[in-house]
Amino acid sequence: MNIQDYSLQLIESAILIVVFIILRLALKRAVRNFAKKIERLEHRTGLIMKHVDFAVFSIVGIGLILIWGVDFRNLGLVMSSVFAVIGIAFFAQWSILSNITSGVIMFFTFPYKIGDYIKIHDKEMPCEGIIEDIKTFHIILHTTNNEIITYPNSMMLQKGVSIVKAEAFYEQQHELDKNKKALPHD
């Protein structure tokens, strides 16, 4: 095996990797700047950066496969099989994909942030509370009844949501905490 036989593929691979490292850094900087501009928490920014990394590394992997001479007839057969399996898996688990997509959309366009007191206008299960965290798949709400509710991201985009003033909630929580301290302990 002579390295000169593969010099073109090595050069193309190196260029691809360098270009995508620069692209990855630029995307991460853009996400961080956007997060600072709209005052998003570092935790949420980290989740979006994981999605950026996954996308960039997937594209690099596909690029390296193409550079190193995978036969397109074989690649077409493999890709159609892979997409058939992925399609069936996504059809069975469409809600997972829609929640991830909704989480990314909410990062860039969602007018609510962690710490806001919101009211979800849902006929089956209306709820309100403070957003404690926004995860990849769901939002964690802390209600006035001291319940922790997880609400799917995709449902947050489908239902009407309004911001309510949080002062009353904080006062009620402070009263609950004072009452708990006044209770006799074992």
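Reading the values: rules and limits
Residues numbered from 1 in each chain as written. Predicted model: local features only at pLDDT ≥ 70, side-chain atom pairs only at ≥ 80, totals over all residues. Heavy atoms only, no water. Helix = DSSP H or I, 4+ residues; strand = E, 2+ residues; numbered from the N terminus. Buried < 20%, exposed > 50% of the residue type's maximum accessible area, 1.4 Å probe, protein only. Pairing = 2+ DSSP bridges. Patch = residues over 30% accessible without salt bridge, like charges linked within 9 Å, V, L, I, M, F, W, Y side chains within 5 Å. Areas by Shrake-Rupley, 256 points an atom, 1.4 Å probe, with all protein chains shown as cover. Salt bridge = Lys/Arg side-chain N within 4 Å of Asp/Glu carboxyl O. Axes fitted to C-alpha atoms, helices over the stretch in contact; angles between N-to-C directions.

Peer 1: I would appreciate a short explanation of the environment of Thr109 in the present structure.
Peer 2: Residue position: Thr109 is located in helix H4 (residues 94-109). A relative accessible area of 56% means that Thr109 is categorised as exposed.

Peer 1: Help me understand the pairing of strand E4 (residues 148-152) in this model?
Peer 2: Each regular strand displays side chains that alternate between the two surfaces of the sheet. Here E4 shows a buried face lined by Ile149 and Tyr151 and an unburied face lined by Ile148, Thr150 and Pro152. The pairing of strand E3 (residues 138-142) with E4 spans 5 bridges and is classified as antiparallel. Its bridge partner being in E4, Ile139 is matched across the sheet by Tyr151. The antiparallel hairpin formed by E3 and E4 contains 5 residues in its connecting segment, where Asn146 sits at a positive phi of about 65 degrees.

Peer 1: Would you mind showing me how to read a nonpolar patch on the surface here?
Peer 2: Side chains of Ile3, Tyr6, Leu10 and Trp68 sit close together on the surface and give an oily, nonpolar patch of about 390 Å² of accessible area. Along the chain, Leu10 turns up in helix H1 (residues 7-37).

Peer 1: I tried to follow the sheet that holds strand E5 (residues 160-164) on my own but got confused; where do I start?
Peer 2: To summarise the sheet geometry, strands pair through backbone hydrogen bonds and adopt either a parallel or an antiparallel arrangement. A sheet is described by the order of its strands in space; here 5 strands give the open sequence E4-E3-E2-E1-E5, paired in antiparallel fashion. Of all the strands in the sheet, the pair left with one neighbour each is E4 and E5. With strand direction ignored, the average angle separating the axes of adjacent strands in the sheet is 45 degrees. Across 4 bridges, the pairing between strand E1 (residues 117-121) and strand E2 (residues 127-134) is antiparallel. Directly across from Ile118, in E2, lies its bridge partner Gly129.

Coordinates in, geometry out; function isn't part of it.
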